[in-house]
Structure formats: structure tokens, C-alpha cells
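Listed below are the residues making up each chain.
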Amino acid sequence: MAVAHMNGCGAVMALLVLLSGCNARIHKLSLKNETRFTIDLNNFGFFATGTLNVTLSSLRLDKTLVNYNLNPVGFSLSRSRVNKVLSYTAEETGTCPLTTKPTNDEPLIRFVIDIEHLRVNVNAEGVQDNVLIAKAKSGEAKEERVVRASAPDNAPKADDQSKGTLTHTDERKEGEKEEAAADQHKEQQPVEKPNPVGEAKKVEETTFLLNKTTQPVLYLNKSNDLYSFSFQLVVGQNAQGLYSLKFHNCQNQAPVNKRPYSLTVDVIERNPGSYLSAAEIPLSRLYICMAGVFFTAAMVWVYTLMKHRYSVFKIHWLMAALAFTKSTSLVFHSINYHFINTEGHPIEGWAVMYYITHLLKGALLFITLALIGTGWAFVKYILSDKEKKIFMIVIPLQVLANVAYIIIESTEEGSSDYYLWKEILFLVDLICCGAILFPVVWSIRHLQEASSTDGKAAMNLEKLKLFRHYYVMIVCYIYFTRIIAILLKITMPFQWQWCYEFLVEVSTLFFFVLTGYKFRPASNNPYLTLPQDEEDVEMDEVVTESGVLEGISKVKKTSNGRERQQEPAL
């Protein structure tokens, strides 16, 4: 068993190390023999002057008996009104998103790949002031071409954007004069060796201001039946928002006769001074602040345990361990987001530490809640068989849920396994939330029966009242963090969606504090002042009634320590 346990831990550690470097805002997705109709590449919230760089390194299509004019292939970039809701994609209606006309004025940009003429037709819809920078098709708008460094970091100036498609006739005339002067100067200077590296960085690119009247045509490269092109998009002041980038192959829209294809695409998204989406930029500071709050609450809890050490049970220290683990997990989560914010990808060591502490926190949370629900260590020290079965179900499911969460965080959104693991996480999380309610329900039912049969109604009613409060607390916590907070997230503006994480962390803190208060180790806690074992108390009363032990004092153990009581003489 020990060897199997060590092998299991080693497998989990290996998985964490392999996946830790994948969670980034610099994306690289490679798919082979793919048959999906639509691939969700990424969702990202852009502020003004934010940039999106997309490089289709290779695209291999099945050209046998396929008319790509009727069933086009390409990318769509659409802005959603709210998070993944009401976007332009028409998958639900059974139509191709690359040919469907939009029904509102939200910005939409479609890149339709024309493999017959080796070009990419760009169709801009909606009200927008985005700027597209890409290599134009030869012979298309030659007067608009400018020489730019590849992948520029700075956004075009607002004055340049207002001119629509940029023209530089005057600049070229001045450039010709400067070249003529330079030629005369070169005759007097020694010949220098050319710099192929510097020349390679110069790429002929054209800058377009996208609107309904602008229909750019981009260059499509073909090499060994592989197609490639690239573009950069600079988000305008009026077009900032949450964007969804997708790849479509409309030939595979029908459920039959799907044609396999392969592609490799690189996506780099940036906001001004950050690689994070608009809703994620404040998360690093939020997590480090909440880590400090949870650590403070944990220290206060430890102080309370030391102050009432005679009333402390093992479950109290488990609650302290949960609070410290939660604080540590938030620290590593904050560090993880800090490096993604500055470098576009996490540091492997910090990412692994975050995943480990997140896994431990999740397991400790559900184990602690289930143990409190059974009344373990408070009123009994042995779990029933059905309570043990709950733990045999919850613990493996929690490990599975945390592994699913790690895979989701570490997998590109466009991969075929992403949504499978997302569904697994949602289902397993609901099962765990429902499972921890069963011990509380069983305890309530047992106390209801005991209050009417054993003659100790007042004692059992106190327990019953507390368990009912605890049940309501768990239900409210689950309902708020799983439903209400998500509903608030999808209705908030894209730059305020970080408030979802804030509400979840605050509700978790409030739940921890309220649970600690209800089950605090204090003399005035009605739950802990009850006898721990009622059968032992009854047995003590029977024994002291005999004359053999007349006048002998006994020590009675209570939740507040040990009290010395003198038995009355018979």
C-alpha cells in the first residue's frame, strides 16, 4: 500500500511539472487530424491600444472534392457584450460564422482563407476603430504599403488611425531624395557588408483602419501544401472589450463527411503594460491581500485554541491547518499571476507550488466540512459505516476535481480535451458539494429521533439547532459561490469581472469565520458544553449509587476540562 501511495504521489507530481509551463498568455496550439467545425482559440479582454498577434504557421487542408468557396475556412474575431454571451458566432443556428451577416453593431472581423487565389479576405463588420497590420496581397493597394518592423510593440498614433488606410506618397518622394543623396555619400565611403539579420526583420506590411468600407486582402503563403499568414490587431478606443478568437472549417459543419485538417497557430495577446486580460490584471494584488486576511484569521484562531486549550479537539487544529493552507495557496496564486502579467508565462517552480497547495486546500476543505457535519471529535470519536463511505467518495473525487482544475489551467483553450475536463470539473464539484450535505442531514435526522425517545429533549434540541444552522451555512456558501457569483460575473462589464473572484474569496472568508464561531472552543458554546458520551454519564450514576464506593469522589470529564465532583453519600 505504501509503495502504491508513493507511486500515486509521484504520478501527480510528474503531472504538475509537465503542465506547469503551459498556463500562459503566449499561446501555441498544434492540432493534427482535427475534425471540429469550430475551435475556440481564446477569450481575452482588451483595453484601448491592446494588441493581438496571430501567426498561422501551418494549415493543411483536404482538397479532394471540397469547394472552399461554398464552405470557407478562416478565423473570426468577435466582441461579446458580456462574457461568452451574445457573440456573433452562429454555431447554434446551424450556419457558417464566416458567411453569416451580423444582426447588431458589435465589432466583428472575419479572415476568410482563399486557397485558390492565395489570399486572405478580411471582412470588418460593426462599429469599430481597430487597426489591422499585415502583409497585403501583391497588386492589392500598392499605394498603401509601408515598411514596418515585424511585430511592432507600439500602437499607431490616434492621428494616424483617423486617416483610415495610411498613404505615404509624400514620404516616398522625400525618401527618394534621401536615397539619391545617400548614393553620392556611399561613393566616398568604404563598402560595408550587408546585415541579413537586420534585413530579415523588415517586412512589408500595410496598416488598415478597419470599418465597413475597408476590405483588406492579405497575402497567403503556400509551401509544400501548407498555408500560412499572420496579422496584428491594435484595439481602438471605441472597440475595447472582451473578444473571442475562433477558427472555423465550415466543411465540417455537417455531422457526416467530416474532413480532417491540421494547423499550428501562435497567439500573443497584450494589454498596455500587461500580458493579462483586462479582468485578470487586478488578481495578483487581490490574492496577496486576501492571503494576508486569511493568515490573520488563522493566527486569531490559533490564539483562541491556545487560550481555551482544555476545550480543544483535533478537528479544531484541522480547521487551523485549512486556514493556513488557504493563505499559502493564495500567496502562490498571486505569484503565479505576477509572472504571467510581466512575462506572459508562469515560472515552473512557483506554478507547481501553487498547484500542490491548491490540491491540499481543496481536499482539506471538504474533509473538514464533512467531519464537522458528522460531529466527529465533538460528540463521538467513531464514524459509522455510511459516513466512512462518504469520505471514500469525497476524497477521491476531490483529487479528481483538483487534477481537472490543474489540467484546465494548463491546457490551451482550443485543445480537444479542454472542454471535456471542464465538464468533469463542474460535475465532480457538484457531486462533492452534495455529498458533504449527507452527514449533516443524517445528524439532523438522528437528533430529531433522539429528542423524542431518550428523554433528553433539551440537550438534543441544542445540537439539532446548531446542525440546522450549519446545514444552512453550507447550502448558502455553495449556492453563492457556484451560482450567484457566476451570474454576477456574466452581467458585469468585462473590466470588472475580477469582482467574481473577490466575491468568492470574501464569501469563503465569511464562511470560515462563521464556522469557527459556531464551533469555537469556549465555555459558553452550547455545542461543546454537552457531555461527550452520554452512556458513560449514565453508567457513572449507576455505579455511585452502590454503597461500595460511598464517599469516593470521581473526576468527570467535560468539554471545558476536568472538574472534581464529590458524590453525595447514600
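Preceding this paragraph is the structure being described.
The sections below set out a description of the structure shown in this document. On a predicted model such as this, the values are computed, not experimentally measured, just so you know.

Turning our attention to the state of the cysteines. Enumeration over the complete set of coordinates arrives at one disulfide. There is a disulfide in this structure between Cys-96 and Cys-250, and the S-S distance comes to 1.7 Å. Looking down the S-S bond of the Cys-96 and Cys-250 bridge, the torsion is 55°, so its handedness is right-handed. Pair noted here: Cys-96 is in the loop between strand S4 (73-80) and strand S5 (108-114) and Cys-250 is in the loop between strand S13 (241-249) and strand S14 (261-270), with a separation of 154 residues, a long-range link. By relative accessible area, which is 8% here, Cys-96 ends up buried.

Attention shifts here to the nonpolar core. Among the nonpolar cores identified, the biggest contains 54 residues, and Leu-365, Phe-366, Ile-436, Tyr-470, Ile-474 and Phe-511 are the most heavily contacted of them. For this core, the secondary-structure elements that each account for two or more residues are helix H5 (283-307), helix H6 (314-343), helix H7 (348-374), helix H8 (385-410), helix H9 (418-435), helix H10 (437-451), helix H11 (457-491) and helix H12 (499-518). Here this core gets eight residues from one element, more than from any other, and that element is H5. If near-sequence neighbours (up to four positions away) are discounted, Tyr-470 is found in contact with Leu-369, Ile-372, Gly-373, Val-440, Thr-515 and Phe-519.

Overall, the coordinates contain nine salt bridges when judged by the stated rule. One salt bridge connects Asp-62 with Arg-259, and the closest N-O pair in it is separated by 3.6 Å. Taken together, the positions of Asp-62 in the loop between strand S3 (51-60) and S4 and Arg-259 in the loop between S13 and S14 put the pair 197 residues apart, joining distant regions of the chain. According to the relative accessible area criterion, Asp-62 is partly exposed, its value standing at 21%. Among the ionic pairs, Lys-326 bridges to Glu-505, the shortest N-O distance being 3.0 Å. Taken as a pair, Lys-326 in helix H6 and Glu-505 in helix H12 lie far apart in primary sequence, 179 residues in all. Take Lys-326 and Glu-505: they sit in the same class, and that class is buried.

Cut-offs used in this document
Residues numbered from 1 in each chain as written. Predicted model: local features only at pLDDT ≥ 70, side-chain atom pairs only at ≥ 80, totals over all residues. Heavy atoms only, no water. Disulfide = S-S within 2.5 Å. Helix = DSSP H or I, 4+ residues; strand = E, 2+ residues; numbered from the N terminus. Buried < 20%, exposed > 50% of the residue type's maximum accessible area, 1.4 Å probe, protein only. Core = buried A, V, L, I, M, F, W, Y, C linked by side-chain atoms within 4.5 Å. Contact = heavy atoms within 4.5 Å. Salt bridge = Lys/Arg side-chain N within 4 Å of Asp/Glu carboxyl O.

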